Amino acid sequence: MPNRLIRRYESDAIEVQYEIPRCIHAAECVQRLNEVFDNQKRPWVQPEHASADSIAQTIHHCPTGALHYTRKDGAPGEAAPEKNTLRIVENGPHYIHGDLQLVMGGGEPPLRETRAALCRCGASKNKPFCDNSHINSGFADPGAVDLAQEAPGEPLAPGGQITIVPHTNGPVQVTGNLEIHTADGQTLYRSEAWLCRCGHSKNKPFCDSTHETVGFVAE
Ligand code: SF4
Ligand code: FES
């Protein structure tokens, strides 16, 4: 089970939730709204220094889902985007953005989400989320797709829910209308995808069953 340690910071208008183990220091928050998100200060999140709207807009750009918020001023919370997208990061995780339902296992209810960074190197200690272990494990993958092996597919109706199921000792099954953006600028469309999370598939981002031969172990 992933570690779900959450810290909370609040002003009169908004509460910011920070799920520490899911932050991989992508720094979107620090760069976009440094008066609120400043890792040189304590506390590092100071929501009284900007409007709730600016803070909410900034949090929507956190690609990992480490940041969330609850509006205290009656304004609506974060909505799912119009389409579900998965971005393959060169040498890094899958960033998935959409109307997500993540099956957690262990008797936990599914996690409703809009943003998540999914481990694809196999080394994260916080699976299914990325924890930056790809850096120390030396994971190297350009995040491209061999279009000779994988047809792009046809554009799908936008939206709808995406269900994410990490399978024991195997891939992540993603079901629902999904647009996949490769690191080299290609777009693929899938209504179901089995994504490699052991780091060893020769057909990344998709599983090719190599997890069986390399003895991949994951809950
Ligand atoms: S944008 Fe999200 S992942 Fe990046 S540093 Fe901020 S909290 Fe961490
Ligand atoms: S999970 Fe990597 S090949 Fe199946």
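Residues numbered from 1 in each chain as written. Chains lettered and ligands numbered in written order. Predicted model: local features only at pLDDT ≥ 70, side-chain atom pairs only at ≥ 80, totals over all residues.

**Points about the overall build of the protein chain**
Each helix and strand in the protein chain was counted, giving four helices and nine strands. Helices (α) and strands (β) of the protein chain occur, in sequence order from the N terminus, as β-β-α-α-β-β-β-β-α-β-β-β-α. Compactness check: the protein chain gives a C-alpha radius of gyration of 18 Å against a globular reference of 17 Å for 219 residues, within 12% of the reference. For the protein chain, the spread of C-alpha atoms along the principal axes amounts to about 55 × 35 × 35 Å. Classification of the 219 residues of the protein chain by burial places 37% in the buried group. Taking as baseline every contact in the protein chain between residues at least 6 positions apart, the subset at least 24 positions apart corresponds to 55%. (Helix = DSSP H or I, 4+ residues; strand = E, 2+ residues; numbered from the N terminus. Rg over C-alpha atoms; globule rule 2.2 N^0.38 Å. Buried ≥ 20, exposed ≤ 12 C-beta atoms within 10 Å, placed from the backbone. Contact = placed C-beta atoms within 7 Å.)

**Focus on the domain arrangement of the protein chain**
Each assigned domain of the protein chain is listed here: domain 1 (6–71) and domain 2 (85–214). Placing a centre on the C-alpha atoms of domain 1 and another on those of domain 2 gives a separation of 25 Å. For the side of domain 1 that touches domain 2, the class distribution of residues is four nonpolar, two polar and one charged. (Domains from an automatic or database assignment. Nonpolar A, V, L, I, M, F, W, Y, C, P; charged D, E, K, R; others polar.)

**A few points about the environment of Y95**
Mapped onto the secondary structure, Y95 falls in strand 5 (residues 94–102). For the pair Y95 and L118, spaced 23 residues apart in sequence, the C-alpha to C-alpha distance is 6.4 Å.

**A look at the environment of I6**
Looking at where I6 falls in the secondary structure, it is placed in strand 1 (residues 6–10). You can call I6 exposed: it has 12 C-beta atoms within 10 Å. Taking the C-alpha atoms as reference points, I6 and H181, 175 residues apart in sequence, are found 30 Å from one another. Ignoring any residue separated from it by four or fewer positions in sequence, one finds I6 in contact with Q17, Y18 and E19.

**Here's the deal with the nonpolar core**
In terms of nonpolar packing, the biggest core is built from 28 residues, with A116, A117, L118, V174 and L195 touching the most fellow members. Of all the secondary structure elements, the ones that give two or more residues to this core are strand 5, strand 6 (111–118), strand 7 (162–166), strand 8 (172–181) and strand 9 (187–195). Ignoring anything within four residues of it in the chain, the contact list for A116 reads T64, G65, I96, L100, L102 and F129. Within the second largest apolar cluster, 14 residues are counted, among which are V16, Y18, C29 and C62. (Core = buried A, V, L, I, M, F, W, Y, C linked by C-beta atoms within 7 Å.)

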